[in-house]
Every structure is written in structure tokens, then in C-alpha cells.
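Chain by chain, the residues run as shown.
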Number of protein chains: 2
Amino acid sequence: MKIEPNYCEVGSALDIIVGKWKPLILLTLIEKDEPVRFNQLHKSIPEISQKVLTKQLRELESENIIMRQVFPEVPPRVEYSMTSYGLTLFPILDAMHKWGEKHQQLKLKDEKPHNNIM
Amino acid sequence: MKIEPNYCEVGSALDIIVGKWKPLILLTLIEKDEPVRFNQLHKSIPEISQKVLTKQLRELESENIIMRQVFPEVPPRVEYSMTSYGLTLFPILDAMHKWGEKHQQLKLKDEKPHNNIM
DNA sequence: CTGTATCCATTGGGATACTG
DNA sequence: CAGTATCCCAATGGATACAG
């Protein structure tokens, strides 16, 4: 284990990923593997409000994790996609995903069968 | 890439790690590799207030990521250590650390040499 | 030494309505 | 379609003082 807390860089990755919907946004973009329109993104994650979706996209964009392409058409079209730099985050997302899967399964296993009356 | 956004578990890992000082706390405990007293922890991370340190420790403990051992002595002694479950987070922290290192170095490279007058 | 208890400022995110 | 603009709330974290 060669991690030096006093020279810790974990924060920089975390800062980028953290945001209630950012992992989901990133995973969606990674999975589709092609530019995705704003509205598609919103449909993939309906629980998020437009304001927040826009904000998190802007933040990811400003970190150069995702790309925003505007097509001067009517109606307007804006497409988002991962940058190659953004894709370097994949090992992190993947590690978290794998961990989460296991963790979540354990949680489910621990749950009592729902045979309680009432 | 086998990540399904609609069945996304990334959040569960993230929820545990997120907290302004949690990564640092975890890395410290992992690095020392032995029980660490509250005060030692505080000295390792002096910028954190007692209140917040306590709170983040409590949260990690309630997720079973770290262990809290109280020794009924005077003056009181309380030692914290990683649980074996907590250690399963290591691949995630490690992935983030490696990414951060690279990322940070790039940032440093991009900086201008500080030879500007004033 | 290892905490609580208060009080406070900032932020993140949600609901809703409006716009080019 | 792809956003802004407001208003609002809850949660996070910081400063400080106190306690067993």
C-alpha cells in the first residue's frame, strides 16, 4: 500500500465525481458511447430537475470530463459526450460499481423476508 | 464495459466515502495499519474540528467501515481502526489516488513557473 | 483525552415558472 | 429543445465553549 495521506490526491478525483447525479450522468454517457442530447439524458434520469441537470453538466464540462456540442439548428440541439480525459475516470467508477454491487447484494441478503403480517 | 446505469450501485460506495475528511481519515487508518487514537487522528488532520472529526468517525463506524474501541482508563483512550469490511474499499481509494496523482501532476505541469515579478 | 452542545454561514439540490 | 431565473429548504461543516 503506497498511499501517503499527507500527499493525498484522492480528493481531486472525488471532487469531480461527487454530485448527486454525476455518477449516473457519466455512466450513461459511457454506456451509450456516443453523443447524447440533453433531453435524452433527462429522460434517462427523470428524477433530476432541468436546473440541476444543467448545473452538473456544466461542472463536468468545466473539468473537461465531458464535451458539449451545440448545433445551431431550430429546434436547438445540444449533445454531450465523454472526453478521452473523462474516460480515464472509468477505473474509479468501475471499482465503485463493483464494490456497490457486492455491498448492495449483501444488504439485500441481510434483509428479512417480507412475510410479516401488516 | 458492463455498467448498467439503470441498476447503478456506484452511489452506495460514494455515500460512504463522501465527506470532506473521510478519505483522509480512511487513508490514515489504512496507512498506519494499527489502531489510532482520536488525538493522533486529529494531529494527522489538524484542519478538522473536533466536532466534525467525531461526526465523520461516527458515520464511518455506523457503516461498519471502521471500528471504535473504548478503553475504560483515565485519561480515556479511544482507538479507531479499519474493519476488514472497510478494507474492501481500498481498490476504490487506490483507483482514486492513482488518478488523482496523475491528474494533479498534469495540473502542476500546466502551471506557469512562478517567476513573475509581483 | 475524548468528546457534546450551540450557533452560524455556505452550499447543494428541489419546485416551479419563464425564454430564445 | 435546451435551457435561465427565483425562491426555498435541509444538510454539511466550521468556531467556540463546555463536560466527564
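- Naming follows an unreviewed UniProt entry, where chain A appears as Helix-turn-helix transcriptional regulator of Vagococcus coleopterorum.

**Digging into the environment of A:P35**
Residue and element names in this part refer to chain A.
Moving on, step 1. Note that P35 resides in the loop between α2 (22-32) and β1 (36-37).
Moving on, step 2. Residue class for P35 comes out partly exposed when judged on its relative accessible area of 39%.
Moving on, step 3. Between the alpha carbons of P35 and S81 there is a distance of 4.6 Å; along the sequence they are 46 residues apart.
Moving on, step 4. Excluding its chain neighbours within four sequence positions, the residues that come into contact with P35 are Q40, E79, Y80 and S81.

**Topic: the protein's contact with DNA strand C**
Moving on, step 1. In the neighbourhood of DNA strand C, 21 residues make up the surrounding shell, with A:K20, A:K51, B:N39, B:Q50 and B:R68 lying closest.
Moving on, step 2. Between DNA strand C and A:Q56, the relevant distance is 3.0 Å, taken from a phosphate oxygen to a side-chain nitrogen or oxygen of the residue.
Moving on, step 3. At 3.0 Å from a phosphate oxygen of DNA strand C is found a side-chain nitrogen or oxygen belonging to B:R58.
Moving on, step 4. At the level of elements, α4 (50-62) of chain A together with α3 (38-44), α4 (50-62) and β3 (77-82) of chain B are the ones that each hand at least two residues to the surface near DNA strand C.
Moving on, step 5. A breakdown of the residues in the surface near DNA strand C according to their chemical character gives eight nonpolar, five polar and eight charged.

**Concerning the protein's contact with DNA strand D**
Moving on, step 1. Around DNA strand D, the surrounding shell holds 21 residues, and the nearest of these are A:Q50, A:R68, A:Y80, B:K20 and B:K51.
Moving on, step 2. Backbone atoms, meaning sugar and phosphate, form 60% of the atoms of DNA strand D found within 4 Å of the protein.
Moving on, step 3. The separation between a phosphate oxygen of DNA strand D and a polar side-chain atom of B:W21 is 3.1 Å.
Moving on, step 4. Contributions of two or more residues to the surface near DNA strand D are made by α3 (38-44), α4 and β3 (77-82) of chain A together with α4 of chain B.
Moving on, step 5. Taken together, the residues that form the surface near DNA strand D break down as eight nonpolar, five polar and eight charged.

**What to know about the sheet that holds strand β1 (residues 36-37) of chain B**
Residue and element names in this part refer to chain B.
Moving on, step 1. Taken in spatial order, the three strands line up as β1-β3-β2 in an open sheet, and their pairing is antiparallel. Strand pairing shows two members of the sheet lacking a second neighbour, β1 and β2 (66-71), which therefore form its edges.
Moving on, step 2. Lying on the sheet, α4 is in contact with β2 and β3; it crosses β2 at an angle near 115 degrees.

**Description of the sheet that holds β3(A)**
All names here are of chain A.
Moving on, step 1. The antiparallel open sheet is built from three strands, whose spatial order is β1-β3-β2. The open sheet is flanked by β1 and β2 (66-71), the only strands paired with a single partner.
Moving on, step 2. Contacting β1, β2 and β3, α2 crosses the sheet at an angle of about 90 degrees to β3.

**As for unusual backbone geometry**
Moving on, step 1. Put simply, A:V74 and A:P75 share a cis peptide bond, and its omega is -5 degrees.
Moving on, step 2. Of note, A:P75 is situated in the loop between β2 and β3.
Moving on, step 3. Of note in the backbone geometry, B:D33 takes a positive phi value of approximately 60 degrees without being a glycine.
Moving on, step 4. Locating B:D33 in the fold gives a position in the loop between α2 (22-32) and β1.

**A word on the packing of α2(B) against α4(B)**
Residue and element names in this part refer to chain B.
Moving on, step 1. At a closest axis distance of 10 Å, the pairing of α2 and α4 adopts a crossing angle of 70 degrees. Of the possible angle classes, the one that applies to α2 and α4 is roughly perpendicular. Judged by residue contacts, K22, I25 and L26 of α2 engage L53, Q56, L57, E59 and L60 from α4.

**Describing the environment of A:G100**
Moving on, step 1. Counting through the fold element by element, A:G100 comes out in helix α6 (residues 90-110).
Moving on, step 2. Among all residues touching A:G100, those that are not within four sequence positions of it are B:E9 and B:S12.

**Digging into the packing of aromatic side chains**
Moving on, step 1. Scanning all chains against the criterion turns up two aromatic pairs over all chains.
Moving on, step 2. Each ring, one from A:W99 and one from B:Y85, has its centre 5.9 Å from the other, and the planes form 35 degrees; the classification is tilted. Placement of the pair is A:W99 in helix α6 and B:Y85 in helix α5 (residues 84-87), with the two residues belonging to separate chains.
Moving on, step 3. Judged by its relative accessible area of 8%, A:W99 falls in the buried class.

Rules and cut-offs
Residues numbered from 1 in each chain as written. Chains lettered and ligands numbered in written order. Predicted model: local features only at pLDDT ≥ 70, side-chain atom pairs only at ≥ 80, totals over all residues. Heavy atoms only, no water. Helix = DSSP H or I, 4+ residues; strand = E, 2+ residues; numbered from the N terminus. Buried < 20%, exposed > 50% of the residue type's maximum accessible area, 1.4 Å probe, protein only. Contact = heavy atoms within 4.5 Å. Near = heavy atom within 4 Å. Polar contact = N/O pair within 3.5 Å; in protein donor to acceptor, adjacent residues only side chain to side chain. Nonpolar A, V, L, I, M, F, W, Y, C, P; charged D, E, K, R; others polar. Pairing = 2+ DSSP bridges. Axes fitted to C-alpha atoms, helices over the stretch in contact; angles between N-to-C directions. Parallel < 35°, antiparallel > 145°, perpendicular 65-115°, else oblique. Phe/Tyr/Trp six-rings, centres within 6.5 Å; stacked < 30°, edge-to-face > 60°.

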